[in-house]
Amino acid sequence: MLDSCNVMRGSKSGLETRIRDKHCQTLLDIDGDSCHHIHNAAKKFAAPFCHNLEQLFTDLHTDHLWASDQVHYLMEVCELMGIPGTNPQRFTAHPWLSAYDVVISTRRMLPAYKNLYMDILEEIYKDHGVGERAKARIQFFHQDLRKKGMTQVGKDRKERLVKKVWFESLNTNLHLSVYLGVLPILKEYVMVFQGSQTLVHKLHDKQLEVVTSFMACFVKAEHLHTTPKKLVEMEFSDKMLPLRELYVGPLAEKLKAEHPNIQLIVLQFLNTVKTAYISTAAYMQKKLPLNSRTLQALSALDPLVRGNSETGILLKRLSGPEMMGHLVPPQCDVPLEVVKFNVDRTLPLYLDGDSMVTWWANIMATGKYPGLNHVVKGGLSIFHGPMVESSFSAMGDIISQKRTSMSMATCNAIQTTKDALKSRCQTAIQMFKTENVKLSTVDKALCKNIRTAGTKDKTRRKQALLKKKERQEEFGCQPTTSAEQSRKIAVEKDRHVRQIAAQKRKKALELLVQAKKAKK
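Residues numbered from 1 in each chain as written. Predicted model: local features only at pLDDT ≥ 70, side-chain atom pairs only at ≥ 80, totals over all residues. Heavy atoms only, no water.

1. A few points about the overall build of the protein chain
Rules: The helix count covers DSSP runs of H or I at least four residues long, the strand count covers runs of E at least two residues long, and both are numbered beginning at the N terminus. Throughout this description, buried means an accessible area under 20% of the type-specific maximum (1.4 Å probe, protein chains only), exposed means over 50%, and partly exposed covers the range between. Accessible surface area values rest on a Shrake-Rupley calculation with a 1.4 Å probe, where residue burial reflects the displayed protein chains alone.
From N to C terminus, the protein chain includes 24 helices and zero strands. Split into buried and exposed, the 520 residues of the protein chain put 38% on the buried side. Accessible surface for the protein chain amounts to roughly 32100 Å². Of this, 56% is attributable to carbon and sulfur atoms.

Shown next, in the form of structure tokens:
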């Protein structure tokens, strides 16, 4: 379940294609990274609102980025108004759910932004208990900030901020409300699966939960108690809640009740929310593998569901030829093992929240159910989050401009060493620490490997280069050269051309001199 970009899942040179072609022809392909699907669903939800809030977040962050005095004034305004103050957060389009974190701080500090960008109203002073001395201090901020010179870009940004914070404050509050109410549904799913724990057994249930919870915001509840297949194929036109009953967050509900005379603005807002709900739900129906038989079978690996007949059926399906049957040794009778496993009372107790990997490792250590253990190992090795990409990011600290030719074997060795140290919660110094440097036993094999590693690597590279040249000579191919060799060849050609040109000039001058002498 890798990310859906071409680097990961490209049909010609993607990571998945290379693994399948060169290492594992039976690689199980379920779907793309579900966390990325949820981030994209959040982006889909924001699109009908014309990214109004995202532009506000970017403008606030940019306006304070290089203005330390303005940041200081903002913090003081927050202090005077009794609001916890923080620097304006930066919104990053990827991952899109970062908008939720920025929404929280922006909503909290909105009164302070109003105070900073325009002369405050007495009503807001009263709401926040601002005294006369505090009012005078805030007026000083306004006078000082007016003296600052601004470019046209800065003036345009200030104009947008004042417009959204003051003149369109109702619209801004409505948008903040629906973001604060709806995005946590998606954020919760991402927070569960972006960690390092193996939770492949919860994927099916959690995906159903996030889709059902999201649809419940605008679909009648009686239509959501259905099978995953019908949930994927559901049409929303005749199953939606009335427009004014759509969930839009607690703040928007309060604003609708307090301002009954703004029917037109509320109606436009509700129509936009409706469009956002429908487009996002349709995207989730298309992208999330809600009806995946493989994910349903993997949910049977959860020890909490052991002892149920449906668990036995799913485990048998998982170990069948269509899924992971190729991992089972021929001499193993997995269906019989599943029957015994499902009613085995001698297995250790498992409580919700315990590590499933540890629980299964303890069972494997007993030697019971050898065929089923192979299936479980295959199931628990399935990636279901951005952990693969994080390993690529970690390798970015190793492969630099001076080490671009590092072999794959070396990269694998470094990553394996890092993972081993991480799993033991030790550093290299702690792992190989000796009590007495002079008298403690020396690991001769380790010392030998350290001394000979460089020589072995150079020898291996020379052998690979010789084999490559032999193949090129065998098939009559033009040998490829490195960038440095190419530069040398280009310099040599340029020098040769210059020599020829100099010789021609010299010869032409000699002929000219001879011609002049002949005329005399």
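2. Concerning the environment of Lys114
By secondary structure assignment, the location of Lys114 is in helix H6 (residues 98-117). For the pair Lys114 and Lys164, spaced 50 residues apart in the sequence, the C-alpha separation amounts to 9.7 Å.

3. Focus: the side chain of Lys187
In plain terms, the rule: Contacts are assigned to residue pairs that have any heavy atoms within 4.5 Å of one another.
Summarising the element assignment, Lys187 is placed in helix H10 (residues 169-193). Given a relative accessible area of 17%, Lys187 falls into the buried group. Contact partners of Lys187, with chain neighbours within four places excluded, come to Leu97, Tyr100 and Asp101.

4. Topic: helix H8 (residues 132-146)
Formally: Take the number of residues in a helix, subtract one, and multiply by 1.5 Å to get its expected span. Directions from the helix axis toward the C-beta atoms define the arc.
Between its terminal C-alpha atoms H8 stretches 21 Å, which fits the 21 Å expected from 15 residues at 1.5 Å a residue. Among the residues of H8, Ala134, Lys135, Ile138, Phe141, His142 and Leu145 are the ones counted as buried. With its buried residues spanning 110 degrees around the axis, H8 presents them on a single face. Exposed positions of H8 whose direction lies more than 90 degrees from the buried face are Glu132 and Arg133.

5. Brief notes about the pattern of salt bridges
The following threshold applies: We define a salt bridge as a contact between a side-chain nitrogen of Lys or Arg and a carboxyl oxygen of Asp or Glu at a distance within 4 Å.
On inspection of all chains with the given rule, the structure shows 14 salt bridges. For Arg160, the salt bridge goes to Asp59, with nearest N and O atoms at 2.9 Å. Residue Arg160 is found in helix H9 (residues 152-167), and its partner Asp59 is found in helix H4 (residues 52-65); the two are separated by 101 residues along the sequence. Of the residues examined, Arg160 reaches a relative accessible area of 32% and is grouped as partly exposed. Shared partners join several salt bridges into a network, and the residues in it are Asp63, Arg157 and Lys158.

6. A few points about unusual backbone geometry
Backbone geometry places Cys50, a non-glycine residue, at a positive phi of 60 degrees. Its relative accessible area of 65% is what places Cys50 among the exposed residues. Its identity is not glycine, yet Tyr369 carries a phi of approximately 50 degrees, on the positive side. Structurally, Tyr369 can be placed in the loop between helix H18 (356-366) and helix H19 (370-380).

7. Comments concerning the nonpolar core
Filter applied, for reference: Nonpolar cores were defined as sets of buried Ala, Val, Leu, Ile, Met, Phe, Trp, Tyr and Cys residues, with membership established by side-chain atoms within 4.5 Å.
Judged by nonpolar contacts, the single largest core of 111 residues is most densely connected at Phe214 and Phe218. Here the element with the most residues in this core is H10; it accounts for 11 residues. In contact with Phe218, other than residues within four places in its own chain, are Phe236, Lys239, Met240, Leu241, Leu246, Tyr277, Ile278 and Ala281.

8. Some points on the packing of H10 against helix H14 (residues 263-287)
Helices that pack against each other are described as a pair by the angle of their axes relative to one another and the distance between those axes. The following threshold applies: Only C-alpha atoms enter the line fits that serve as axes; for helices the fit covers just the stretch in contact. Angles between N-to-C directions range over 0 to 180 degrees. Just so you know how the angles are binned, under 35 degrees is roughly parallel, over 145 roughly antiparallel, 65 to 115 roughly perpendicular, and the rest oblique. Two helices that cross are described as forming a left-handed crossing if the nearer one is turned anticlockwise from the farther one by less than a right angle, and a right-handed crossing if clockwise. Any residue outside Ala, Val, Leu, Ile, Met, Phe, Trp, Tyr, Cys, Pro, Asp, Glu, Lys and Arg is labelled polar, Gly included; the first ten of those are nonpolar and the last four are charged.
The contact between H10 and H14 brings their axes to 11 Å, and the two run at 25 degrees. Taken together, the axes of H10 and H14 are roughly parallel relative to one another. As H10 runs across H14, the sense of the crossing is right-handed. When H10 is examined against H14, the residues Leu170, Leu174, His175, Val178, Val182 and Leu186 are found in contact with a partner set consisting of Ile265, Phe269, Val273, Tyr277 and Met284. Residue composition of the contact of H10 with H14, by class: 10 nonpolar, one polar and no charged.

9. Description of the packing of aromatic side chains
Stated precisely, the cut-off is as follows: For this analysis, a ring pair means two rings from Phe, Tyr or Trp (six-membered ring only for Trp) whose centres lie within 6.5 Å, classed as stacked if their planes differ by under 30 degrees, edge-to-face if by over 60, and tilted for the remaining angles. Criterion for a charge above a ring: Arg CZ or Lys NZ at most 6 Å from the ring centre, at most 35 degrees from the ring normal.
For the structure on display, the rule yields 19 aromatic pairs. Note on Tyr73 and Phe141: the rings are 4.5 Å apart at their centroids and 20 degrees apart in plane angle, and the pair reads as stacked. Of this pair, Tyr73 sits in helix H5 (residues 68-81) while Phe141 sits in helix H8, and the two are 68 residues apart along the sequence. Ring centres of Tyr189 and Phe193 lie 4.8 Å apart, and the angle between their planes is 45 degrees; this geometry places the pair in the tilted category. Taken together, the positions of Tyr189 and Phe193, both in helix H10 and four residues apart, correspond to about one turn of that helix. The two residues Tyr189 and Phe193 agree in class, both being buried. The rings of Phe45, Phe49, Tyr179, Phe214, Phe218, Phe236 and Tyr277 are connected pair by pair, giving a single aromatic cluster. The ring of Trp166 carries the charged tip of Lys114 above its face, separated from the ring centre by 5.7 Å. Lying over the aromatic face of Phe341, Arg306 brings its terminal NZ or CZ to 5.6 Å of the ring centre.

10. A look at the packing of H4 against H10
Taken N-terminus to C-terminus, the directions of H4 and H10 make an angle of 100 degrees; their axes are 10 Å apart at the nearest point. With respect to their mutual orientation, H4 and H10 come out roughly perpendicular. Residue-level inspection shows Asn52, Leu53, Glu54, Leu56 and Phe57 of H4 in contact with H10, the latter providing Asn171, Thr172, His175, Leu176 and Tyr179. Taken together, the residues of the contact of H4 with H10 sort by class into five nonpolar, four polar and one charged.

11. As for the side chain of Asp344
Structurally, Asp344 can be placed in the loop between helix H17 (334-343) and H18. Given a relative accessible area of 11%, Asp344 falls into the buried group. Apart from residues no more than four positions distant in its own chain, Asp344 is found in contact with Arg306, Lys368 and Tyr369.

12. A look at H4
If you check H4, its first and last C-alpha atoms are 20 Å apart, about what 14 residues at 1.5 Å a residue would give, namely 20 Å. Of all the 14 residues making up H4, 10 are buried; the element is thus mostly covered by neighbouring parts of the structure. When H4 is considered as a whole, its buried residues turn out to be Asn52, Leu53, Glu54, Leu56, Phe57, Asp59, Leu60, His61, Asp63 and His64. Contact partners of the buried residues in H4: helix H3 (34-46), H5, H6, H9 and H10.

13. Some words on the environment of Leu251
Turning to its location among the elements, Leu251 is positioned in helix H13 (residues 250-258). Separated by 77 residues in sequence, Leu251 and Leu174 place their C-alpha atoms 7.2 Å apart. Setting aside chain neighbours within four positions, we find Leu251 in contact with Arg107, Asn173 and Ser177.

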